[in-house]
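# A look at the structure
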Amino acid sequence: SQDGTFAAVVNDYGRFGEVIDLRTGEVTLDLENEGYETETVPFSLAFGQSQGRCVVIHRTDWNRLDVSDPQTGLLLTDRSLPVPPEEGPLPEHYLDYFHGALYVSPDGKRILDDGWIWHPIGVPSVWDLGPWFEANVWESEDGPSRVNVCDRGYYWNSAMTWIDSVRVAVEGIGEDDSVMRPGARIFDTSRTGQYEMAVELLVIAGPTGPFFSDGSRLFSCGDAGLSIWDPVEGKLLGEVPGLSPTHHHPDARQFLQLGDGVVRLWTA
């Protein structure tokens, strides 16, 4: 968690996890997502802040995310999801969407979800956390702030990151996994265009994941090393050969690579 008080341990592409109070070592919340199609997506978990307190966002079913108090385990988004009929229109708030990896924006106000819909199409989506935490328990299903970023046939679990509170970078150039090329697409999630999806600002050929950002630059971590890109003009700004980090600490401006029992840190 942002305040360092809690940690979560989950089985990506699995069913179970736990939230742990790092001050006491106590398990404060058992996590479970019902196990449907879990092999297709990471567990879906992120920490956030609501009215000055820490909250944890976690998947409790294939098409449901919930918000809980990590200290007490109290569910903060209690609601009854509708069951679709065998025939006829879908009920209000029904969401045909498999939630995936979650990314909270740098200002803590929005969330990016790398999920997919049937017939398998990756559709990253974004919505506001404030209304969801404090007013509308249905915000993650069909709230007015929810925006789809793009769609790619048979393609999700790809690299993506927030650049700032509005722009996101999504890995892969193409509309289908069979024609996908290495690169990054930059979207403005505060505006919608064709098909009510986020406005695409730029396409950058070359970057491969994982992706990170410090608010002004895009970092991509390929097999050859770390590359640094300008997300406005698409220019390659620099490279760090041999460093392929998996984690980024934006406040410390550090990248971490773990391999062969050795931790390597690099400060941007």
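Details of the structure are given in the entry above.
In this report, the structure presented in the accompanying data block is examined. Model, not experiment: these values are computed from the prediction.

## A closer look at the pattern of salt bridges
All chains considered together, the criterion is met by 12 salt bridges. The closest approach of N and O atoms between Arg64 and Asp66, which form a salt bridge, is 2.7 Å. In this pair, the class of Arg64 matches that of Asp66, namely buried. A salt bridge links Glu141 to Arg79; the shortest N-O distance between them is 2.8 Å. Taken together, the residues span a long stretch of sequence, with Glu141 in helix α2 (residues 139-142) and Arg79 in the loop between β6 (64-68) and β7 (98-104) at a distance of 62 residues. The structure contains a network of salt bridges with shared partners spanning Arg64, Asp66, Arg79 and Glu141.

## Some thoughts on the pairing of strand β19 (residues 236-241)
A regular strand places its side chains so that they alternate between the two faces of the sheet. Sheet topology places strand β18 (residues 225-229) next to β19; 5 bridges connect them, and they run antiparallel. Directly across from Leu226, in β19, lies its bridge partner Val240. Where β18 hands over to β19, the hairpin turn is made up of 6 residues, of which Gly234 adopts a positive phi near 80°.

## Things to note about the side chain of Asp188
Structurally, Asp188 is set in strand β14 (residues 181-192). Within the structure, Asp188 has its side chain in polar contact with the side chain of Arg191 (distance 2.9 Å). With residues up to four places along the chain from it excluded, the contact list for Asp188 reads Val166, Ala198, Val199 and Leu201.

## Let's talk about the packing of aromatic side chains
Applying the stated rule across the entire model yields 11 aromatic pairs. Ring geometry for Trp116 versus Trp156: centroids 4.7 Å apart, planes at 10°, classification stacked. In this pair, Trp116 is assigned in strand β8 (residues 110-117) and Trp156 in the loop between β11 (152-153) and β12 (160-162), connecting sequence segments 40 residues apart. Here Trp116 falls in the buried class, since its relative accessible area comes to 2%. Residue Trp156 is classed as buried on the basis of its relative accessible area of 17%. Where Trp127 meets Trp132, the ring centres are 5.7 Å apart and the plane angle is 80°; that geometry is what we call edge-to-face. Using a relative accessible area of 0% as the deciding quantity, one classes Trp127 as buried. Linked through ring pairs, Tyr36, Trp62, Phe98, Trp116, Trp118 and Trp156 together constitute an aromatic cluster.

Definitions and cut-offs
- Residues numbered from 1 in each chain as written.
- Predicted model: local features only at pLDDT ≥ 70, side-chain atom pairs only at ≥ 80, totals over all residues.
- Heavy atoms only, no water.
- Salt bridge = Lys/Arg side-chain N within 4 Å of Asp/Glu carboxyl O.
- Buried < 20%, exposed > 50% of the residue type's maximum accessible area, 1.4 Å probe, protein only.
- Helix = DSSP H or I, 4+ residues; strand = E, 2+ residues; numbered from the N terminus.
- Pairing = 2+ DSSP bridges.
- Polar contact = N/O pair within 3.5 Å; in protein donor to acceptor, adjacent residues only side chain to side chain.
- Contact = heavy atoms within 4.5 Å.
- Phe/Tyr/Trp six-rings, centres within 6.5 Å; stacked < 30°, edge-to-face > 60°.

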